[in-house]
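Chain residues, written in single-letter form:
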Amino acid sequence: MSLWVDKHRPRDLMKLDYHKDQASRLKNLVQQSDFPHLLVYGPSGAGKKTRIMCLLRELYGSGVERLRQETMNFTTPSNKKIEIMTVSSNYHIEVNPTDVGIHDRVVIMDLVKNVAQTHQIDSSGQREFKVVILNEVDDLTKDAQHALRRTMEKYVATCRLILIANSISRVIPAIRSRCLTIRVPAPTENEISSVLLGVCKKEGLSLPTELAIRIAKCADRNLRRALLMCEACKVQQYPFTPDQKVPEPDWQLYIKETASMILSEQSPKKLGEVRQKLYELIIHGVPPDVVFSGLLCELVKNCDMAMKCQVASHAATYEHRMRLGNKAIFHLEAFVAKFMAIYKKFMEESLGDVF
Amino acid sequence: MQAFLKTGKISGSDKPSSSGVKPSAKKKPPAPWVEKYRPKTIDDIVDQGEVIQVLRECLAGGDLPHLLFYGPPGTGKTSAILAAARQLFGDITKDRVLELNASDERGIQVVRDKVKAFAQLTVSSTRPDGRPCPPYKLVILDEADSMTTAAQAALRRTMERETRTTRFCLICNYVSRIIPPITSRCSKFRFKPLARENVIKRLSEICETEGVDIGEGTVLHQAVETCDGDLRRALTALQCCQRLLGKITAEGLIEVTGLVPDQLVQDYLNIKNYTELEKFVYSFLMEAYSASQLLEQLSALVVSSGHLTNKQKCAISEKLAICSHRLLDGGAESMQLTDLGCTIIMANNDP
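Analysis parameters
Residues numbered from 1 in each chain as written. Chains lettered and ligands numbered in written order. Predicted model: local features only at pLDDT ≥ 70, side-chain atom pairs only at ≥ 80, totals over all residues. Heavy atoms only, no water. Pairing = 2+ DSSP bridges. Helix = DSSP H or I, 4+ residues; strand = E, 2+ residues; numbered from the N terminus. Axes fitted to C-alpha atoms, helices over the stretch in contact; angles between N-to-C directions. Contact = heavy atoms within 4.5 Å. Buried area = accessible area lost by both parts, 1.4 Å probe. Salt bridge = Lys/Arg side-chain N within 4 Å of Asp/Glu carboxyl O. Nonpolar A, V, L, I, M, F, W, Y, C, P; charged D, E, K, R; others polar. Domains from an automatic or database assignment. Parallel < 35°, antiparallel > 145°, perpendicular 65-115°, else oblique.

Colleague: Explain the sheet that holds strand 5 (residues 130-134) of chain A residue by residue, including any values.
Modeller: The strands making up a sheet associate through backbone hydrogen bonding, with each pair oriented either parallel or antiparallel. Residue and element names in this part refer to chain A. Ordered in space as 2-3-4-5-6-1-7, the seven strands form an open sheet in which the pairing is mixed. Edge positions in the open sheet fall to strand 2 (68-75) and strand 7 (180-183), since each of these has one partner strand only. On average, adjacent strands in this sheet sit at an angle of 25° to one another, irrespective of strand direction. One ladder, built from four bridges, connects strand 1 (residues 38-41) with strand 7; its direction is parallel. Considered in strand 7, the bridge of L39 is made with T181.

Colleague: Now, about the interface of chain A and chain B: what can you tell me, with residues and values included?
Modeller: Between chain A and chain B, the contact holds 56 residues from the first and 56 residues from the second. Interface area, chain A with chain B, both sides summed: about 4900 Å², of which 58% is carbon and sulfur. On inspection of chain A and its partner chain B, the count reaches two salt bridges. The residue B:E287 makes a salt bridge to A:R221 at a minimum N-O spacing of 3.1 Å. Going through the elements one at a time, helix 2 (20-31), helix 5 (142-154), strand 7, helix 12 (288-299) and helix 13 (305-324) of chain A are the ones with two or more residues in the side of chain A that touches chain B. In terms of residue count, the dominant contributor to the side of chain A that touches chain B is helix 13 of chain A (13 residues). Taken together, the residues of the side of chain A that touches chain B sort by class into 24 nonpolar, 13 polar and 19 charged.

Colleague: Lay out the domain arrangement of chain A with the relevant residues and their values.
Modeller: Interface size is commonly expressed as the accessible area that is lost once the parts come together. All names here are of chain A. What the domain assignment lists for chain A is domain 1 (4-183), domain 2 (189-236) and domain 3 (250-354). Using only C-alpha atoms to locate each centre, domain 1 and domain 2 end up separated by 30 Å. In this complex, domain 1 contributes eight residues to the contact, which on the side of domain 2 involves 16 residues. Broken down residue by residue, the surface that domain 1 buries against domain 2 is led by W4, V5 and H8, which jointly contribute 61%. The interface formed by domain 1 and domain 2 contains one salt bridge. K7 serves as the salt-bridge partner of E203, at 2.8 Å between the closest nitrogen and oxygen. Residues belonging to the side of domain 1 that touches domain 2 are distributed by class as follows: three nonpolar, three polar and two charged.

Colleague: Could you give me a rundown of the packing of helix 10 (residues 231-245) of chain B against helix 11 (residues 250-257) of chain B, with the residues and numbers involved?
Modeller: Helix-helix packing: each pair is described by the crossing angle between the helix axes and the interaxial distance. Residues and elements named next belong to chain B. Where helix 10 contacts helix 11, the two axes come as close as 9 Å, and the packing angle between them is 110°. In terms of orientation, helix 10 lies roughly perpendicular with respect to helix 11. Together, A237, L238, C240, C241 and L245 of helix 10 and G252, L253, V256 and T257 of helix 11 make up the contact between the two elements. For the contact of helix 10 with helix 11, the per-class residue count stands at seven nonpolar, two polar and no charged.

This is the structure we're talking about:
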């Protein structure tokens, strides 16, 4: 039995739940004779992948849903062997080049070349190109992005690229200008709750509207998370009650706990304990930038305006350094220590004023 | 289609290596407007009076100095040299011109081997059919400012020694990135940003030929506005918009170019307190707008805004530069926007 997220994923462009205008535009696009490279961007859980799969289905028919997983091997110029997982059908191949770190350039060049060199034997009634889907394009190295630029031009006759990114800030302009960019905004809370209600109806469950709205609020405008939460609610307690507890993601609670620890006491000893917590978060695969923004959000809650600015500015500085360096823990810890120092000073001063 | 993704460069080395695809069997994909309406002769170039004047004189004499074109993107640099080459060489353009742009490999090795080998070939002063033509070849180095200094240095001697048989034309956005020994060997031409009314005139001509409905022309004004006088960008945006929506509208243009609506930029500049800021940043990112684009538009707004004092402008602009740098390095958008927002709040509270 599959999760609701997969089970109720829309398979047809016209059956999407929101951004319907965009869907009909995409449908128009498919019907035109030429199909450009696409750059699809939007926050996670907004439905980028769903839209792309629908689009592929529109292009090639139901054959694209027969997926298989393969590992491909590449050799870097420095003779290092790298392996990468790909998901593919007869018509497309999907890969996440950032999995191999700094060697992503090799993967992109070789993979696209591989795909582009095979042709459809009988191109009548079929598309003459295959599709390569690249995930997380915004996290590619600059090197790989420049390689992409040339590859895109060179092999355009036999393959089209669909690039997926969370934000286009980090995609170089040269790539942006070569693609048709498609923005997928996150669904609003109303849209999420109506989707939740629809899914529950299909499952034959009755979901109270209040609960649907509350889940939607907790889900950060992330539809995937909302559906998972809803399913978790169902496992916890069914039939639903309107005032049922909505389980929050563990890591969010954990970050909140960490933040309150920092606020409760500012001392080197406490810093040691906080470090344990931070390690725990990183070990469990919570991205460090999420930890950063979570901490910032919690920590500034009871500061005054001047201090908020100071903290935000330090957070931005340390986060930037974290991107440049490669040990996230150092920078997280540095930020916590800095915050402790600022906070303690602030507390002492304000206490001093009282007496 | 294939030409569309080439961003308007006709380069011989960029031919897709699609050995199996027979071009005859394929039906011709519709050409991108940028390619379709590229000026055929130098007289068609929009707005570059003096440069065209000089080029015309050169063409009439049949001789060409080494050239260095610089100016902002989309002002017709590449078009000018391509048109000139076509006028000079006619149908043998392909044999006589070597074009390399930034997407080609252009390290020092390529300059040493490929460019040098090409430059050393001697060509005759008559065409195969007996008519006269200039006795030299043309090497076009597009986007020359992205060449390494070493590669540029390797060009120096080649440029001088092979003057008899080869002319070089370097094209770049920033002349300061070209090493002085090269600039001193070339005659420099500056391409100014295109005047608004000329861009609009050209766009409406093209739209008319394409049979696109543009209403009373306000969308064209907006297209120019969003693209800062970059004709190529404006044209690409118009075509994308036409392709996606089937018509050209103001909203469509904003969507296609990935611009942030002006209202949002204005809101960001007017934020009063931290809670508002948090909310703004959250919803801004959820709508999937691009932070770097916001910064770009914000910078223009701050500089031209009337109600800010000089001190405020300084404070905001300084932070803006820092945040933009961090974003380029890959910093998280939410963090940088919050940081900048704080500076804006502080600046607003302290005029």
